[in-house]
Structure formats: structure tokens, C-alpha cells
Amino acid sequence: MAKKIVSGVLLLDKPSGISSHSALAQAKRLFMSSDFDSKKAGHTGTLDPMATGLLPICLGDATKFSSFGLDADKGYTAIIKLGEQTDTGDKEGQIIAQKNVPTFDEQGLDELACDLLGEQQQTPPMYSALKKDGKKLYEYARDGIEIERAPRPIVIHHLALNKLSNDEIALDVICSKGTYVRVLGETVAERLGTVGHLTALHRTSTGGFDVADAISLDDLADLSFDERFGKLLPVDVLLNHLPIVKLTTDETARIKMGQRLNIKDRLDDVSFTDDTAQIRLYHDDDFLGLGQVAMSGRLQPVKVVQG
């Protein structure tokens, strides 16, 4: 008898000291049994091993929509230690520079936070999982090789900086995908006339999810196997920002065969960008998948779930 595929989204509170890949592997094992298969899984954005906080895990059909989590804005809190720069940008690295810390106050931090808001360019750090010729940048960095990196566009939506001591700052940020908070911490230090690195990093939110709703690996392991399924959110939770279109039984069968439909009569709540829009598809209350519809009403299935 074939195993049942575990599908859904788990909001995991990742501990410090393990990689996102390790956290994912541990979560997968907790949903594996002789009757259930949880091999198909992924997450919606890597956290550094030092970092803690929200790591959404996608299982089964939810992996088809993980890109929506990867592309989502994310929230973090962090602590910046001034006066010392490390090669990794955080406390895990080696100190490579030291500099005196000028006097600063809350008013100056508020002004600096305002200056750093909005669209800007950020150069990814060498200690990152970005790849060059199939090799991760941090692998080059460990070999002492510096690779030229092109700046990338990011957006800082919210930034608050608060003085903790004469050489420590608390940072609270909501930012676009691709933002490296380690680099942002170094930028804050540089703008204050010194150097710095992160001693703590905690993801608080991503894609409408909050870390307050997440569960730790230890707490998940303490639950019975059946209770763990109660922690899974439905597959379509990653698409809550998209409009809903309901299909008839006949249309549902056609969509599952990859056929196109015309649904021009059901587009009142759909907003279009470049003459197309992404929508969630349902039959009654059953989620069918993701579709793309043109202003003409022509619907093309994009990703259809099993069942």
C-alpha cells in the first residue's frame, strides 16, 4: 500500500546552532512513518546557523508554492556590537578589524534609521550561500578567495535602532527578500563612524506569518505523531494574498488535465498586472492549485495539487 504524502506548512522556530537544512531534516523525520512519507519538503528562506526564529517548512504539495514564501518581505530583530568587524559579519567569524566607537544617542540613531529606509543597493557578503560557477560564496571565502559581487536591489520598509549601551544597538527591520541583515548591521556601524557585527539575529515574521505562532523542534518532538499534524497549516496558506475563483465539477476535471478555461464571468475581484493575474482555484472548499488568468478571461492552470 502506497504511503500517504504529508502536505502542509509548518511554522518552525529554529534554534541557534543548527543550519536551516538540518532543521528541515529534523522536521521531516518527525512526520515520517510506515504510513506517511515526508521526503518532499523545503523551506522558504535560509537562516544562518547563528540565527533563531521563524522558518516556514513546506511539505508535500506545499513545496509547489514555496516561492511565494521566498519572495515575501521578512522581519528581523538583531543586536549590533560596535567596534569590532568579523569576516562573517556575525559573532561566528574571526575579528578582522577594530575601531573606536564614537559617542552616539537615540536621536542620531532615529535619523540614521530614516536615512536607511526605502529602495537601495546592497552587496551580498562573501559568507553567503549565493553561488559562483556552481560553488557557494562561503566556500570561496573559507579558501581565502574574494569574489566580485554585484550590488542587488533591496527595500527597507521599516527600521528602528535603539541604543542598548555605548557599543551595542538593537535593530528591528522589515525588509524585502535578498536583504542581508549582517550587511545592514555593518552599514549602520559604518554610518556611525566605526565597524560592527551581529551578536544575535532573530527572524520575527515572513509572508504574513509570525514567530509567535511557530513551534520549536523540541516541542514538536514531544507531541504524539497524530498531534504533530495539528500543527500543519493548509497548503494554500502561502497564497492567502491572491484572489479566489471557484470552478464547477466539469471545470475542475478539465483543469486537472491541464486544459484551459474561460472564466470571464468571475473576474470582478481580480486585479491585473500586465494583462494577467495569478489566482487561487477551488472546487467548493477544496483547494485545486494556482492559475493564471488573462483579462480576456482565459485561464491557464499553473500548479495543480494532487487529489
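Since the structure is predicted, the reported quantities are computational estimates derived from the model, not experimental observations.

About the thresholds
- Residues numbered from 1 in each chain as written.
- Predicted model: local features only at pLDDT ≥ 70, side-chain atom pairs only at ≥ 80, totals over all residues.
- Heavy atoms only, no water.
- Buried < 20%, exposed > 50% of the residue type's maximum accessible area, 1.4 Å probe, protein only.
- Helix = DSSP H or I, 4+ residues; strand = E, 2+ residues; numbered from the N terminus.
- Arc of directions from axis to C-beta.
- Contact = heavy atoms within 4.5 Å.
- UniProt positions renumbered as here; feature names shortened; annotations may be inferred.
- Salt bridge = Lys/Arg side-chain N within 4 Å of Asp/Glu carboxyl O.
- Phe/Tyr/Trp six-rings, centres within 6.5 Å; stacked < 30°, edge-to-face > 60°.
- Lys NZ or Arg CZ within 6 Å of the ring centre and 35° of its normal.

Details of helix H3 (residues 106–115)
- Burial in H3 covers these residues: Leu109, Leu112 and Ala113. All buried residues of H3 fall inside an arc of 100° around its axis, so they share one side. Across H3 from its buried face, at more than 90 degrees, point the exposed residues Gln107, Cys114 and Asp115.
- Buried positions along H3 lie against strand S12 (152–165), strand S13 (168–175) and helix H5 (181–191).

A look at the UniProt feature "domain: tRNA pseudouridylate synthase B C-terminal" (unreviewed entry) in the protein
- When the UniProt feature table is mapped onto this chain, "domain: tRNA pseudouridylate synthase B C-terminal" (unreviewed entry) is found at residues 182–238.
- The span residues 182–238 shows a helical share of 37% and a strand share of 26%, and its end C-alpha atoms are spaced 27 Å apart.

Focus on the UniProt feature "domain: Pseudouridine synthase II N-terminal" (unreviewed entry) in the protein
- Under the feature "domain: Pseudouridine synthase II N-terminal" (unreviewed entry), the UniProt entry names residues 36–181.
- Between the C-alpha atoms that bound residues 36–181 the distance is 38 Å, and the span itself is 15% helix and 41% strand.

Section: the pattern of salt bridges
- On inspection of all chains with the given rule, the structure shows eight salt bridges.
- A salt bridge links Arg182 to Asp48, with the shortest nitrogen-to-oxygen separation between them at 3.0 Å. With Arg182 in helix H5 and Asp48 in the loop between strand S4 (41–43) and strand S5 (52–59), this pair connects stretches of sequence that are 134 residues apart.
- The exposure class of Arg182 is buried, given its relative accessible area of 6%.
- Residues Asp265 and Arg266 are paired through a salt bridge, measuring 3.2 Å at the closest nitrogen-oxygen approach.
- Judged by its relative accessible area of 60%, Asp265 is exposed.
- Classification of Arg266 by relative accessible area gives partly exposed; the value is 26%.

Topic: the packing of aromatic side chains
- In this structure the tally under the stated criterion is six aromatic pairs.
- Geometrically, the ring pair formed by Phe31 and Phe229 is edge-to-face, given 5.5 Å between the ring centres and 85° between the ring planes. Of this pair, Phe31 sits in the loop between helix H1 (20–30) and strand S3 (36–37) while Phe229 sits in helix H7 (residues 225–229); the two residues are 198 residues apart in sequence, bridging distant segments of the chain.
- Classification of Phe31 by relative accessible area gives buried; the value is 0%.
- The class for Phe229 is partly exposed, based on a relative accessible area of 25%.
- Ring geometry for Phe225 against Phe229: centres 5.3 Å apart, planes inclined by 70°, an arrangement best described as edge-to-face. With Phe225 and Phe229 both in helix H7 and four residues apart, this pair spans about one turn of that helix.
- Judged by relative accessible area, which is 22%, Phe225 ranks as partly exposed.
- A cation over a ring is seen here: Lys163 above Phe104, with NZ or CZ 4.7 Å from the ring centre.

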